[in-house]
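Structural characterization, general
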Amino acid sequence: MTRMADFRDERVLIIIPAWNEEETLGDVLDEVAAELPSVDVVVVDDGSTDRTSEVARAKGVRVLQLPINLGVGGAMRAGYKFAARNRYTYTVQLDADGQHPPKEVPTILDALVSTGADVMIGARFAGAGDYQTRGPRRWSMTVLSVILSRVTRAELTDTTSGFKACGPRAISLFSTTYPAEYLGDTVEALVIAARGGLTVDQTGVSMRPRAGGRPSHSPVKAAVFLVRALLALGIALTRPGIPTEERPA
Ligand SMILES: Nc1nc2c(ncn2[C@@H]2O[C@H](COP(=O)(O)OP(=O)(O)OP(=O)(O)O)[C@@H](O)[C@H]2O)c(=O)[nH]1
Ligand SMILES: [Mg+2]
């Protein structure tokens, strides 16, 4: 009998986008090294003005130091480009603020490999863990989930989660098309994946509140987020398709 495919037999890259995360990054890297000793890590320092890069180098991981702040999407595109050039089979985005527990990485990768999906989202509201959001942020997430579930033909409950794993086809597509615009890294990226013929799915994971530094959300920001996300979604959905040369085989 042939053995089931296992991500542990492949090259896995953890991509950590980090913008002024000197306070939390060191602990995140220690935890990754303890939980996932055989995977490679690249920190994308997104134009930080603090000691983010120094902290990463001191822990012995690769650092891509962007000269200016591009936002999460731009930082992740750099990470996907690095993965594609260095022929990694799978990537996982893991945030630098301590919200994504490294011990959940195998859960997401196992789900990616066993379902054959191209993108697997580690979802907060899918049974595992007790992560909570309330008010406008929660409503925005619900509206986006309903729309994006139709677009991707999957049942998604957490489309704004950054805790995502990608297979080779997604790495290839995202290395040239991952949107650098505000919000592009979550909402538009899923539209791009669906329109590029990739399959998206989710699996439940536990998440934590950020361990330090500054949160990027407030109720007002969440309301602005919803309006902008819907606009971004409208544009993403009405835009001409992805050029065939950028479609993964
Ligand atoms: N906000 C923000 N984060 C960035 C940027 N570039 C890279 N990042 C990193 O992207 C990850 C996600 O950013 P967060 O601010 O934690 O976003 P979030 O998890 O949606 O929001 P919080 O609930 O506030 O933590 C973190 O590891 C950041 O360090 C940027 O320009 N802005
Ligand atoms: Mg965060």
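You'll find the structure just up there.
All of these numbers come straight from a predicted model, not from anything done at the bench. (Residues numbered from 1 in each chain as written. Chains lettered and ligands numbered in written order. Predicted model: local features only at pLDDT ≥ 70, side-chain atom pairs only at ≥ 80, totals over all residues. Heavy atoms only, no water.)

**Brief notes about the overall build of the protein**
Under the convention used in this document: Strands are runs of DSSP state E lasting at least two residues, helices are runs of H or I lasting at least four, and both sets are numbered from the N terminus onward. Throughout this description, buried means an accessible area under 20% of the type-specific maximum (1.4 Å probe, protein chains only), exposed means over 50%, and partly exposed covers the range between. Two residues form a contact once any of their heavy atoms are found within 4.5 Å. Only the protein chains shown count as covering a residue, and every accessible area follows the Shrake-Rupley method with a 1.4 Å probe.
For the protein, the count of helices and strands is 8 helices and 7 strands. Burial analysis of the protein (249 residues in total) assigns 53% to the buried set. The long-range share in the protein, meaning contacts at least 24 apart out of those at least 6 apart in sequence, stands at 77%. Surface accessibility of the protein: about 12000 Å² in total, with carbon and sulfur atoms responsible for 53%.

**Some thoughts on the sheet that holds strand β3 (residues 62-66)**
Worth spelling out the cut-off: Paired strands, in this sense, are two strands between which DSSP finds at least two bridges. Helix axes are fitted to C-alpha atoms over the stretch in contact, other axes to C-alpha atoms as well, and angles between N-to-C directions run from 0 to 180 degrees.
Ordered in space as β3-β2-β1-β4-β6-β5-β7, the 7 strands form an open sheet in which the pairing is mixed. The outermost strands of the open sheet, each flanked by one partner alone, are β3 and β7 (200-204). The average undirected angle you get between the axes of adjacent strands in this sheet is 20°.

**Some words on the nonpolar core**
To keep it simple, the criterion reads: Take the buried residues of types Ala, Val, Leu, Ile, Met, Phe, Trp, Tyr and Cys, join any two whose side-chain atoms come within 4.5 Å, and each joined set is a nonpolar core.
Ranked by size, the top nonpolar core spans 36 residues in total, and within it Leu13, Ile15, Tyr80, Val119, Cys166, Phe174 and Val200 carry the most contacts. Setting aside chain neighbours within four positions, we find Ile15 in contact with Val42, Val44, Met76, Gly79, Tyr80, Thr91, Val92, Gln93 and Leu94. Formed by 33 residues, the second largest nonpolar core is a distinct cluster that contains Leu36, Val43, Val92 and Leu109.

**Things to note about the coordination of the magnesium ion (ligand 2)**
We apply this condition: Only N, O and S atoms count as donors, using a 2.8 Å limit from the metal and a wider 3.2 Å limit for Na, K and Ca, and since water is excluded some coordination spheres may look unfilled.
For the magnesium ion (ligand 2), every protein donor is listed as Asp97 (OD) and Gln99 (OE1), and the spread of their distances is 1.9 to 2.0 Å. In this structure Gln99 comes out as buried when scored by relative accessible area, which is 16%.

**Here we look at the packing of aromatic side chains**
A ring pair, where both rings are aromatic, is described by two values, the distance of the centres and the angle of the planes. Formally: Each aromatic pair joins two rings of Phe, Tyr and Trp (for Trp, the six-membered one) with centres within 6.5 Å, and gets the label stacked for planes under 30 degrees apart, edge-to-face for over 60, and tilted for any other angle.
Per the stated rule, a full pass over the model turns up 3 aromatic pairs. An angle of 50° between the planes, with centres 5.4 Å apart, marks the rings of Tyr80 and Phe174 as tilted. Placement of the pair is Tyr80 in helix α3 (residues 72-85) and Phe174 in helix α6 (residues 168-177), with a sequence separation of 94 residues. You can call Phe174 buried: its relative accessible area is 1%. An aromatic cluster is built from Tyr80, Phe174 and Tyr178, whose rings are joined through pairwise contacts.

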